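# Report on the structure
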Amino acid sequence: EPEVTQTPSHQVTQMGQEVILRCVPISNHLYFYWYRQILGQKVEFLVSFYNNEISEESEIFDDQFSVERPDGSNFTLKIRSTKLEDSAMYFCASSVDRSSGEQYFGPGTRLTVT
Amino acid sequence: AQSVTQLGSHVSVSEGALVLLRCNYSSSVPPYLFWYVQYPNQGLQLLLKYTSAATLVKGINGFEAEFKKSETSFHLTKPSAHMSDAAEYFCAVSGSGSARQLTFGSGTQLTVLP
């Protein structure tokens, strides 16, 4: 069964460093998403991406964040200068279309900023 | 704007007992509603979804949920709990934006007692 994959599973970085989180969505899906879950808190929407551009972004998704689909398979989230409060689990999700709203999630990348 | 409230951050049931996890939503448009399950150190797995068809929705692992518009509820039930059901459960509502991003509740941790 097709699945969303994410790498790395765990990333430790120092404050102020840039990190890139990688995702491979399900191959025939057209909509891509990033969510984050700070330990003990809700899963929060960050950004959605369709047709090679951002379609929706939340208030959390500030100038420190960017997304890219550099090739036909990868979908990346970059954090330019990490802060302690960026420590969280980051989930990538994909959806075949928007009519069903059904999103498939990857296993997540745990980002720890020290 | 959409929001989801999950009543009870922790629910404990005995093995074989009824599972009832509560979810109330707020949405300015007809909602799409979802239940996801998260096992320890894993991603989010879709249990079931409501997308304006039948109000009683059956999902995987014996779970089902009933959409009640008058009560703005989408409670998750399972007639007989199994030890393997122990996990965190998230209710989510799909947004009206172009990409239908998900808004999650704060989650309910289900413990199944032997």
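Throughout what follows, the structure given in this document is the object of discussion. If you're wondering where the values come from, they're calculated on a predicted model, not measured in any experiment.

A separate point is unusual backbone geometry. Geometrically, the link from T7 of chain A to P8 of chain A is a cis peptide bond, its omega value of -10° lying close to zero. Positive phi is not limited to glycine here, since N52 of chain A has a value of about 65°. On the secondary structure map, N52 of chain A appears in the loop between β5 (43–50) and β6 (53–57). For N52 of chain A, a relative accessible area of 60% translates into the label exposed. Here T72 of chain B, not a glycine, exhibits a phi torsion of approximately 45°, which is positive. Residue T72 of chain B is classed as partly exposed on the basis of its relative accessible area, which comes to 33%.

What follows deals with the state of the cysteines. Residue and element names in this part refer to chain A. Here the structure, examined in full by the defined rule, presents two disulfides over all chains. One disulfide bridge connects C23 with C92, the sulfur atoms lying 1.9 Å from each other. Judged by the torsion about the S-S bond (-65°), the C23/C92 disulfide is left-handed. Placement of the pair is C23 in strand β3 (residues 19–24) and C92 in strand β9 (residues 88–95), with a sequence separation of 69 residues.

So, about the pairing of strand β7 (residues 65–68) of chain A. Residues and elements named next belong to chain A. Relative to strand β8 (residues 75–79), β7 is paired through four bridges, and the arrangement is antiparallel. Residue S66 lies in a different strand from β8, and its bridge partner there is K78. Where β7 folds back onto β8 in an antiparallel hairpin, the turn is made up of six residues.

Residue and element names in this part refer to chain A. As paired elements, β5 and β6 share four bridges and run antiparallel to each other. Across the sheet, residue V47 finds its bridge partner in β6, namely E57. Counted along the chain from β5 to the antiparallel partner β6, the turn is two residues long, and its residue N51 has a positive phi close to 55°.

Quick look at the environment of P8 of chain A now. Its place among the elements puts P8 of chain A in the loop between β1 (5–7) and β2 (10–13). Taking C-alpha positions, P8 of chain A is 19 Å from L46 of chain A, a pair spaced 38 residues apart along the chain.

Attention shifts here to the packing of aromatic side chains. To describe a pair of aromatic rings, one takes the distance between the centres and the angle between the planes. If you walk through the whole model with that rule in mind, you get 19 aromatic pairs over all chains. Seen from their ring centres, Y35 of chain A and F104 of chain B are 5.8 Å apart, and the 90° between their planes marks the pair as edge-to-face. On the criterion of chain membership, the pair formed by Y35 of chain A in strand β4 (residues 31–37) and F104 of chain B in strand β10 (residues 102–104) is interchain, its members lying in two chains. Taken as a pair, Y35 of chain A and F104 of chain B share a single burial class, namely buried. Centroid distance Y25 of chain B to F67 of chain B: 5.8 Å. Interplanar angle 25°. Geometry classified as stacked.

Okay, the interface of chain A and chain B next. Taken together, the 20 residues of chain A in the interface contact 23 residues of chain B. Here chain A meets chain B over a buried area of about 1,800 Å², counting both sides, of which 52% is carbon and sulfur. Per-residue buried area on chain A facing chain B is highest for K42, R98 and F105 of chain A; these three make up 28% of the total on that side. Joining chain A to chain B, the criterion identifies one salt bridge. The partner of E102 of chain A in a salt bridge is K49 of chain B, and the shortest N-O contact between them spans 2.3 Å. Secondary-structure elements contributing two or more residues to the side of chain A that touches chain B are β4, β5 and β6 of chain A. The element contributing the most residues to the side of chain A that touches chain B is β4 of chain A, with four residues. Residues that form the side of chain A that touches chain B fall into these classes: eight nonpolar, eight polar and four charged.

Rules and cut-offs
- Residues numbered from 1 in each chain as written.
- Chains lettered and ligands numbered in written order.
- Predicted model: local features only at pLDDT ≥ 70, side-chain atom pairs only at ≥ 80, totals over all residues.
- Heavy atoms only, no water.
- Helix = DSSP H or I, 4+ residues; strand = E, 2+ residues; numbered from the N terminus.
- Buried < 20%, exposed > 50% of the residue type's maximum accessible area, 1.4 Å probe, protein only.
- Disulfide = S-S within 2.5 Å.
- Pairing = 2+ DSSP bridges.
- Phe/Tyr/Trp six-rings, centres within 6.5 Å; stacked < 30°, edge-to-face > 60°.
- Contact = heavy atoms within 4.5 Å.
- Buried area = accessible area lost by both parts, 1.4 Å probe.
- Salt bridge = Lys/Arg side-chain N within 4 Å of Asp/Glu carboxyl O.
- Nonpolar A, V, L, I, M, F, W, Y, C, P; charged D, E, K, R; others polar.

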